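Fold and contact review
Letter by letter, the chains look like this.
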Amino acid sequence: MPNIKPISDLRNYTEVLRDVAIGEPVYLTKNGRGRYVILDIHDFEKEKAARRLMAELDRARKSGGEKTLEEVERELGIDGDEDGDE
């Protein structure tokens with residue numbers, strides 16, 4: 001179940017930050033609508049890497065290149081193992 005809090009809860013930000021965990025972001029609302037997300041740094045880095053990977057794959061597709069997912073991950077220095085297990 002998503003962890004949703006009003007932005008006013010940031011007055012006591014240590015309590016809000018305590019609720020942030022890997023895979024469990026905290027969603028902040030303003031005037032009853034979703035406005036911000038607080039992510040664990042691990043999740044943030046994972047999202048950033050995924051965006052870079054998708055952009056590189058899109059560039060390769062548009063240029064007619066024939067790169068495999070593994071080649072792109074290797075070029076970007078991304079570990080293809082999502083869970084970190086080998």
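Predicted, not measured: the structure shown is a model, and the values here were computed from it. One numbering rule holds for all chains: residues counted from 1, following each sequence as written. Only residues with pLDDT of at least 70 get local features here, since the model is predicted, and only at 80 or more are side-chain atom pairs given and counted; chain-wide, interface and lining totals rely on the full set of residues. In computing side-chain properties, one takes all heavy atoms of the structure into account and sets aside hydrogens as well as water.

So, on to unusual backbone geometry. In most cases, non-glycine residues show a negative phi, while peptide bonds are predominantly trans. A positive phi angle, near 55°, is found at Asn-31, a position not held by glycine. In this structure, Asn-31 sits in the loop between β2 (26–30) and β3 (33–38). Think of it this way: any DSSP run of H or I at least four residues long counts as a helix, any run of E at least two long counts as a strand, and we number them from the N terminus.

So, about helix α2 (residues 41–62). Relative to the 32 Å expected for 22 residues at 1.5 Å per residue, α2 spans 32 Å between its end C-alpha atoms, a close match to the ideal helical length. Partly exposed residues are those whose accessible area sits between 20% and 50% of the maximum for their type, while under 20% is buried and over 50% is exposed, using a 1.4 Å probe and protein chains only. Restricting attention to buried positions, one finds in α2 the residues Asp-43, Ala-49, Leu-53, Glu-56 and Ala-60. Down the axis of α2, the sector holding all buried residues measures 150°, keeping them to one side. In this structure, α2 carries Ile-41, Met-54, Arg-59 and Lys-62 as exposed residues pointing more than 90 degrees from its buried face. When checking whether two residues touch, look at their non-hydrogen atoms; a contact exists if any pair is within 4.5 Å. Its buried side turned inward, α2 meets α3 (69–76). Two or three places before His-42, at the start of α2, stands the capping residue Asp-40, its side-chain oxygen 2.8 Å from that residue's backbone nitrogen. Expected span of a helix: the number of residues minus one, times 1.5 Å. It is the directions from the helix axis to the C-beta atoms whose arc is reported. The definition of a polar contact used here is a pair of N or O atoms within 3.5 Å, where within protein one atom must be able to donate a hydrogen and the other to accept one, and adjacent residues in sequence count solely through side-chain atom pairs.

Should DSSP find at least two bridges between two strands, the strands are regarded as paired. Spatially, the three strands line up as an open sheet ordered β1-β2-β3, and their pairing is mixed. The open sheet is flanked by β1 (3–6) and β3, the only strands paired with a single partner. Taken pair by pair, the neighbouring strands of this sheet meet at an average axis angle of 35°, ignoring direction. Two elements, β1 and β2, share four bridges in a ladder whose sense is parallel. Counterpart to Asn-3 in the pairing with β2 is Val-26. The convention used is that axes are lines fitted to C-alpha atoms, helices contributing only their stretch in contact, and that angles between N-to-C directions extend from 0 to 180 degrees.

The subject of this paragraph is the pairing of β2. Here, the term right-handed applies to a crossover whose path from the first strand over the helix to the second runs clockwise when the strands point away from the viewer. With helix α1 (residues 13–18) bridging β1 and the parallel β2, this β-α-β connection has right-handed handedness. Sheet analysis places β2 next to β3, joined by five bridges and oriented antiparallel. Residue pairing in the sheet places Leu-28 in a bridge with Tyr-36 of β3. Taking the residues between adjacent antiparallel strands as the criterion, β2 and β3 are bridged by two residues, where Asn-31 takes a positive phi near 55°.

It is worth stressing that arrangement in space is one thing and function is another; only the former is reported here.
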